[in-house]
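# Residue-level structure breakdown
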Amino acid sequence: IEAGVRFLARDHVALAEGSMGDESAIARAPSNGRRILLVDDSEIFRLTMGAILEDSGYQVTVAGSFAEGGALLGTMTSDAVILDLELGDGYGVDLIPAIRAAMPNAVIVVMSGEDMKALPDNADLVLLKTLDPTSVLVKLERALGVPIG
């Protein structure tokens, strides 16, 4: 996740580096070996959702644009890709064919800040960004087949 502000999923509180004590004292889940590519043009969303996923044991790679996300496809593998519907330089759903070609087994999650009239039929999961982060995580883990509880 980008340097600077860290968001802790446990408290949903922004911490400036070192401003509230030793961050290393906060328990994080051990890596579960699953990789997530998070493509969103909102830095706040990338930082927040990225930290929530990392705190849950995921290895997260972030991209801030359609172009960045597309460029990463040939260089990595992911268990899931979380796409913003409307990126500043394109539509997230337009990346889905390239994701399917590069990562055929990846779960594709499309997220939007507003209700979608026409749901993308080539996504595995479509979620509103207005869901609380815990609900997003639970739905993602169900789609990945991760045992809950």
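Residues numbered from 1 in each chain as written. Predicted model: local features only at pLDDT ≥ 70, side-chain atom pairs only at ≥ 80, totals over all residues. Heavy atoms only, no water.

### Quick look at the packing of aromatic side chains
Our working rule: Between rings of Phe, Tyr and Trp, where Trp is taken as its six-membered ring, a pair exists when centres lie within 6.5 Å; planes separated by under 30 degrees are stacked, by over 60 edge-to-face, and by other angles tilted. Here, a charge over a ring means that NZ of Lys or CZ of Arg falls within 6 Å of the ring centre while also lying within 35 degrees of the ring normal.
For the structure on display, the rule yields 0 aromatic pairs. Positioned over the ring face of Phe45 is Lys129, at 4.6 Å from the centre of the ring.

### As for the nonpolar core
Keep this limit in mind: Only buried residues count toward a nonpolar core, which is a set of Ala, Val, Leu, Ile, Met, Phe, Trp, Tyr and Cys residues joined through side-chain atoms within 4.5 Å. Exposure is judged per residue with a 1.4 Å probe applied to protein chains only, and the accessible area is read against the type maximum: over 50% gives exposed, under 20% gives buried, and values in between give partly exposed. Elements are defined by DSSP. Helices are runs of H or I of four residues or more, strands are runs of E of two residues or more, and each kind is numbered from the N terminus. Only heavy atoms matter for contacts: two residues are in contact if any of them lie within 4.5 Å across the pair.
One finds Ile36, Leu53, Tyr58, Ile82, Val109, Leu140 and Leu144 to be the most contacted residues of the largest nonpolar core, which totals 20 residues. Mapped by element, the contributors of at least two residues to this core are β3 (35-39), α1 (43-55), β5 (80-84), β8 (107-112), β9 (125-128) and α4 (133-144). Here Leu140 is in contact with Ile36, Leu53, Ala80, Ile82, Val109 and Leu125, once residues within four sequence places are set aside.

### Observations concerning α4
Heads up, the condition is: One less than the number of residues in a helix, times 1.5 Å, gives the span that helix is expected to have. Working note: the arc is built from the helix axis to C-beta atom directions. Distance and chemistry together define a polar contact, namely a pair of N or O atoms within 3.5 Å, with one atom able to donate a hydrogen and the other to accept it when in protein, and with adjacent residues in sequence counting only for side-chain atoms on both sides.
Along its 12 residues, α4 runs 16 Å from first to last C-alpha, staying within 8% of the 16 Å computed at 1.5 Å per residue. Among the residues making up α4, those that are buried are Val136, Leu137, Leu140, Glu141 and Leu144. What you see down the axis of α4 is that its buried residues fit within an arc of 130°, all on one side. The inward-facing, buried residues of α4 abut β3, α1, β5, β8 and β9. Capping the start of α4 is the job of one residue whose side-chain oxygen sits 3.1 Å from the backbone nitrogen of Thr134: Asp132. After α4 finishes, the residue Gly145 shows a positive phi value of roughly 80°.

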